[in-house]
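Given next are the chains, with one letter for each unit.
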Amino acid sequence: MQFPSLALIPALIVLCALLATPAAAAEEVERPGHEDLLLSNTRQLIFEGRRSGEGYFSADGTKMVFQSERQTDNPFYQIYLMNLETGDTRRVSTGTGKTTCAWFHPGGERVLFASTHEDPEAVKKQEEEIEKRAAGRGSRYSWSFDEHYEIYEADRDGKILRRLTNAPGYDAEGSWSPDGTSIVFASNRHAYAEELSEEERKIFKNDQSYFMDLYLMDADGSDVRRLTNTPGYDGGPFFGADGSRVVWRRFDEKGVTAEIWTMKPDGSDQRQVTRMGVMSWAPFFHPSGDYIIFANNAHGFGNFELYIVDAAGEGEPVRVTDSEGFDGLPVFTPEGERLAWASSRTADKKAQIFIADWNDAAARELLGLGSEGSVPSSASTATEQPPLEKTSPEITEDDLRLHVSTLAAEQMAGRLTGTAGARLATEYVAKAMAAAGLHPAGDMGGWFQRYGFTSGVTLEDGNRLALIREGQERALSVDQDWRPLAFSGSGSIEPGDVVFAGYGILAPGEADFPAYDSYKGLEVADKWVLVFRYLPEDVQPEHRQYLHEYADLRFKAMVARDKGARGLILVSGPSSQVKEQLVPLKSEAGAGGGSLPVVSVTDSVAEQLLAGAGKELAAAQAALDTGDPQPGFVLPGVRISADISLKKQGAGDRNVLGRLYAGDGPVDSLVIIGAHVDHIGRGTDMSSRDEDADAGKVHPGADDNASGVAALLEIAQELAHKKASGRLALKQDILFAAWTGEELGRLGSAHFVKTFAAQEGGKGLASPVMAYLNMDMVGRLDKQLYVQAVGSSPIWRSELERRNAPVGLPLRLQEDSYLPTDTMSFYLQGIPVLTAFTGTHADYNTTRDTADRLNYEGLGKIARLMGLMTRSLAMREEAPDYLAQEKPDTDASRANLRAYLGTIPDYSESDLKGVLINGVAKGAPAEQGGMQAGDIIIAVAGRTIENIYDYTYALNALKVGQPAQIRVLRQGTPIELEVTPGSRE
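Residues numbered from 1 in each chain as written. Predicted model: local features only at pLDDT ≥ 70, side-chain atom pairs only at ≥ 80, totals over all residues. Heavy atoms only, no water.

**Let's talk about the packing of helix H8 (residues 397-407) against helix H9 (residues 420-436)**
Here's step 1: One can describe the packing of H8 onto H9 by two numbers: an axis separation of 10 Å at closest approach and a directional angle of 155°. Judged by the inter-axis angle, H8 sits roughly antiparallel to H9. Taken together, the residues of H9 that come into contact with H8 (itself represented by Leu 402, His 403, Thr 406 and Leu 407) are Ala 425, Tyr 428 and Val 429.
Here's step 2: Partitioned by chemical class, the residues of the contact of H8 with H9 number 5 nonpolar, 2 polar and no charged. (Axes fitted to C-alpha atoms, helices over the stretch in contact; angles between N-to-C directions. Helix = DSSP H or I, 4+ residues; strand = E, 2+ residues; numbered from the N terminus. Parallel < 35°, antiparallel > 145°, perpendicular 65-115°, else oblique. Contact = heavy atoms within 4.5 Å. Nonpolar A, V, L, I, M, F, W, Y, C, P; charged D, E, K, R; others polar.)

So this is what it looks like as structure tokens:
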């Protein structure tokens, strides 16, 4: 739970003393503490300031956000962020007013907290409290449920990005869901909005907490839903690590006692966990979901202690701490190996944050939960952890089904890179590798290799868009009237005139369709251009298909930029019938930004812009929807100025790496076999193929690619067992890799390749890595197994013939080595690769890709084949020869392009202005024209290239067989190349 403040504890103690019966007040529940058993290496973490409390960890465990009283001019809590790797600490709240209840976004770049800094009386209240404390009358024993508390989102530098709540009443105690899509919080807003009875008004006057209930809202503050509706204080809610349950504490109507409860995130299935009859509060799930830690005053009002209880509430709570004074507000690190909490065990007896190692095994034993991962059978609140120690050393269908079912389970939330679901999945894979007998091969001797990437953008302070008429400037409200797009350029834009350019489409025309030019006869240089967001609504489906490519927002922005526009303004228009008129602020990992300011405005704002020309928005759109381009025109009497400030959101994830040694320790060379563990989450903003009815639901990814990871783990267990029993003599180490970030553009494997190559001191990756084997979607074997990239080495056909003989799979061998999966990261480094694939199917990238639809008999055979291939390679003295292929047969990432150059862009380098080329296909037009790996393309046929989208659109405009000028940066020097595109057909 998230409790308002340590300042509330004394107030509650006094209240309990007044309201409780003498027997209850004096009674102490005698339960021995287990501090020496459960906690070790205990140390004080926070020292500065009068006191601190409520410290919470980022999803990767490297940072803590906490509240502390340490400002000389503000006696109230402010929010601070500590980097646990460096110790650097900075304030992230404004420094004004009161704050409480911080929390990290799963991506790690944003924090959530409640604040009263917009209260007009905030500074005055600070000064009054300082005066009271100086006179010895400070408010030590009260907590104000200030109606000015609102929930805010800020970046890690402390810039307020967005106010998320806006209702009278106390809104606080908020925390994001593990996938970052929703926020659960506490509020008494209904007491301000509803008509109260006379009795309720009396209660509210004396006790605003009586009306506190729990609410859920979307991450942007919309769609607020009330979850609880009982008299008394419901507060301090937290999601479990898998997002399937919320834990909180519920006070009785008198405010004397409180118990721990859990429920589903929609408010259903509310279950009471404790029945101690004392004040139990501040609950927090262990990351496994198996048990809950909380604080209570069973040992006296001045001696709060920590307790744990199984998540189902079937057993008796177990006391953790046994030190005099206050111990409360406990929180586990994301991996569950450490515990942080607030304690008054300090020299001055003022509460500060402490941290200690946590003994999970002992906690489970005390709670009767058995070995790690097991939970009571009726504990629906917990995440069931499979018994990995009971899996067979051989490859079996039961074990494959276990791995797939676990990775495709609801609590994994589709394993989207950078989310809590992906963390749970990688945690499971690491445990499975350890159980198989592998050695950790990640960073600093652990199982994980971490990397960062740009996951999106957020608005910084100072975003402004203003309309200027007759010298009078009127500012529009960001996120209400207008919003910049994620790929917009940033900076201050001086006032400029505005023109209207219809749908903003520039299409060259084809045999069946005429050219379409929204800009014909219109001068747009140094002007803002207003265009509709989509494409003509009433044209024939075939015509829509043709225009769709040119109606992409990035393409429209590129056209406007190349015509010299000052900025682009997008409006949806009434015929588009959109639910949200403003374009969402979202971006694709690795896509990059642009230089042109691009904003979207509401239909109402667009009406105001058109009014000066005597035009109406609906009429203008209706004329264009016929498909006939209409002349553009100037919008007189109005100018626009802007300030656009966007901040990139960083996120992180991790590969899981386990190594099987050929000898007693690592050798210099190795064979790598891998599979990507990530998937597309809930399909939002990804490549979901579901209908709208299933939007936002978990996409399990059983075939894509829990099947590949399951096979990987089974191969690892079998080979490790044979090695341990003396039945396998290896000459090379085997590295087993579960990659993340594949769905976003091979982020994890690309990071491994760069890091590993750098560690080799310039020798190149091909020197230590003999070959890379891959499994991506191997769970739906039907008529044949596709074995791809056979053309990357001359040994593959003979090896497959030998190793498939005892397995008997129907194989279809494919030569192409330029594949849209993790093999690409290795093949571009001169390493032979091979990948197994059972083909796409109707359930691909849908909610229907579930564990029950896999062919486990076929998956077992594939695992045996790839295990035999891995074994054979690791027993070789020499690495297989590498073959550079003349030309890839397909390029799935740009399959709709007409022209072919044979370049392989690096999708992970999104910060560059231009497109970095990872490699070029042998014999392809790019190679013939002199292009090299490492070149940065900055212009194609006179078109500026700033990102991968610019490049894709530029390629589409090239003519097959007609030479094109391409400008690249090679080690910082501009070079002009002439490349003649070939045909993709």
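**Some thoughts on the confidence of the model for the chain**
The predicted coordinates ought not to be read in detail in places where the model reports low pLDDT.
Here's step 1: Summarising the model, the chain shows a mean pLDDT of 86, and 89% of its residues fall at 70 or more.
Here's step 2: Confidence drops under a pLDDT of 50 for residues 1-29, and excluding neighbours within four residues, the segment shows 88 contacts in the predicted structure.
Here's step 3: Confidence drops under pLDDT 50 across residues 887-896; counting only partners more than four residues distant or on other chains, this segment forms 23 contacts. (pLDDT = per-residue confidence, 0-100.)

**Focus: the packing of aromatic side chains**
Here's step 1: In the structure shown here, the tally under the stated rule is 36 aromatic pairs.
Here's step 2: With 4.2 Å between their ring centres and 15° between their planes, Tyr 772 and Phe 826 make a pair best called stacked. Taken together, the positions of Tyr 772 in strand S40 (residues 769-775) and Phe 826 in helix H17 (residues 823-827) put the pair 54 residues apart, joining distant regions of the chain.
Here's step 3: Note on Phe 826: relative accessible area 0%, which makes it buried.
Here's step 4: Residues Tyr 827 and Tyr 882 carry aromatic rings whose centres are separated by 5.0 Å and whose planes lie at 45° to one another, so their mutual orientation is tilted. Of the two residues, Tyr 827 sits in helix H17 while Tyr 882 sits in the loop between helix H18 (856-874) and strand S44 (899-900), which places them 55 residues apart along the sequence.
Here's step 5: Cluster of aromatic residues (ring-pair linked, three or more members): Phe 145, Tyr 149, Tyr 170, Tyr 233 and Phe 251. (Phe/Tyr/Trp six-rings, centres within 6.5 Å; stacked < 30°, edge-to-face > 60°. Buried < 20%, exposed > 50% of the residue type's maximum accessible area, 1.4 Å probe, protein only.)

**A look at the pairing of strand S30 (residues 491-500)**
Looking along a regular strand, one sees the side chains alternate between the two faces of the sheet.
Here's step 1: Where S30 lies against strand S36 (residues 633-644), 8 bridges are found, and the strand directions are antiparallel. Each bridged residue has a counterpart across the sheet, and for Gly 491 the counterpart in S36 is Ile 644.
Here's step 2: Alignment of S30 against strand S33 (residues 528-532), held across 3 bridges, turns out to be parallel. Across the sheet, Val 499 pairs through a bridge with Val 529, a residue of S33. (Pairing = 2+ DSSP bridges.)

**Remarks on the packing of H8 against helix H14 (residues 702-724)**
Here's step 1: In the contact formed by H8 and H14, the axes pass within 8 Å of each other and the chain directions differ by 135°. In terms of axis orientation, H8 runs oblique to H14. Regarding H8 and H14, the two cross each other, and that crossing is right-handed. The residues of H14 that touch H8, namely those facing Asp 399, Leu 400, His 403, Val 404 and Leu 407, are Ala 702, Ala 706, Ser 707, Val 709, Ala 710, Ala 711, Leu 713, Glu 714 and Gln 717.
Here's step 2: Residue composition of the contact of H8 with H14, grouped by class: 9 nonpolar, 3 polar and 2 charged. (Left-handed = near helix turned anticlockwise from the far one by under 90°.)

**Concerning the sheet that holds strand S8 (residues 150-155)**
Here's step 1: As summarised here, the arrangement of the 4 strands in space is S6-S7-S8-S9, forming an open sheet in which the pairing is antiparallel. Edge strands, defined here as strands with exactly one partner in the open sheet, are strand S6 (99-104) and strand S9 (160-163). The sheet shows a mean angle of 25° between the axes of neighbouring strands, direction not considered.
Here's step 2: For S6 and strand S7 (residues 110-115), the ladder comprises 4 bridges, and the chain directions are antiparallel. For Thr 100, the partnering residue across the bridge sits in S7 and is Ala 114.

**Here we look at the pattern of salt bridges**
Here's step 1: Enumeration according to the criterion identifies 51 salt bridges in this entry.
Here's step 2: Among the ionic pairs, Lys 98 bridges to Asp 146, the shortest N-O distance being 3.4 Å. In this pair, Lys 98 is assigned in the loop between strand S5 (89-91) and S6 and Asp 146 in the loop between helix H4 (122-134) and S8, connecting sequence segments 48 residues apart.
Here's step 3: Accessibility expressed as a relative area gives 12% for Lys 98, which makes it buried.
Here's step 4: Between Asp 179 and Arg 682 there is a salt bridge, with its nearest N and O atoms 2.8 Å apart. Here the residue Asp 179 occupies a position in the loop between strand S10 (171-176) and strand S11 (182-187), and Arg 682 occupies one in the loop between strand S38 (670-676) and H14, the gap between them amounting to 503 residues.
Here's step 5: Residue classification places Asp 179 among the partly exposed residues on the basis of a relative accessible area of 23%.
Here's step 6: Connected through salt bridges with shared partners, the residues Arg 50, Arg 51, Glu 69, Glu 129 and Arg 133 form a single ionic network. (Salt bridge = Lys/Arg side-chain N within 4 Å of Asp/Glu carboxyl O.)

**Here's the deal with the sheet that holds strand S13 (residues 225-226)**
Here's step 1: The antiparallel open sheet is built from 4 strands, whose spatial order is S10-S11-S12-S13. If you trace the sheet from one side to the other, it starts and ends with S10 and S13, each paired once.
Here's step 2: Direction of pairing for S10 relative to S11: antiparallel, over a ladder of 4 bridges. Note on S11: the bridge partner recorded for Ala 172 is Ala 186.

**Concerning H9**
Here's step 1: Compared with the 24 Å implied by 1.5 Å per residue over 17 residues, the 24 Å span of H9 between its first and last C-alpha is a close match.
Here's step 2: Counting buried residues in H9 gives 14 out of 17 residues, a clear majority hidden from the surface.
Here's step 3: One or two steps after H9, the chain reaches Gly 437, where phi turns positive at roughly 100°. (Expected span 1.5 Å × (residues − 1).)

**A closer look at the pairing of strand S14 (residues 234-239)**
Here's step 1: Burial of S14 is extensive: 6 of the 6 residues sit out of reach of the surface.
Here's step 2: With 4 bridges connecting them, S14 and strand S15 (residues 246-251) associate as antiparallel partners. In the strand pairing of S15, Asp 234 is matched with Arg 250.

**Focus on the environment of Arg 110**
Here's step 1: Structurally, Arg 110 is set in strand S7.
Here's step 2: C-alpha of Arg 110 to C-alpha of Ile 160: the two residues are 50 residues apart in sequence and 9.8 Å apart in space.
Here's step 3: Filtering out sequence-adjacent residues up to four positions away, Arg 110 remains in contact with Trp 103, Phe 104, His 105, Glu 153, Ala 154, Asp 155, Arg 156, Leu 161, Trp 176, Thr 458 and Gln 649.
Here's step 4: At a separation of 2.8 Å, a polar atom in the side chain of Arg 110 contacts the side chain of His 105. (Polar contact = N/O pair within 3.5 Å; in protein donor to acceptor, adjacent residues only side chain to side chain.)

**Brief notes about H18**
Here's step 1: Along its 19 residues, H18 runs 26 Å from first to last C-alpha, staying within 8% of the 27 Å computed at 1.5 Å per residue.
Here's step 2: Of all 19 residues making up H18, 14 are buried, and the element is well covered by its neighbours.

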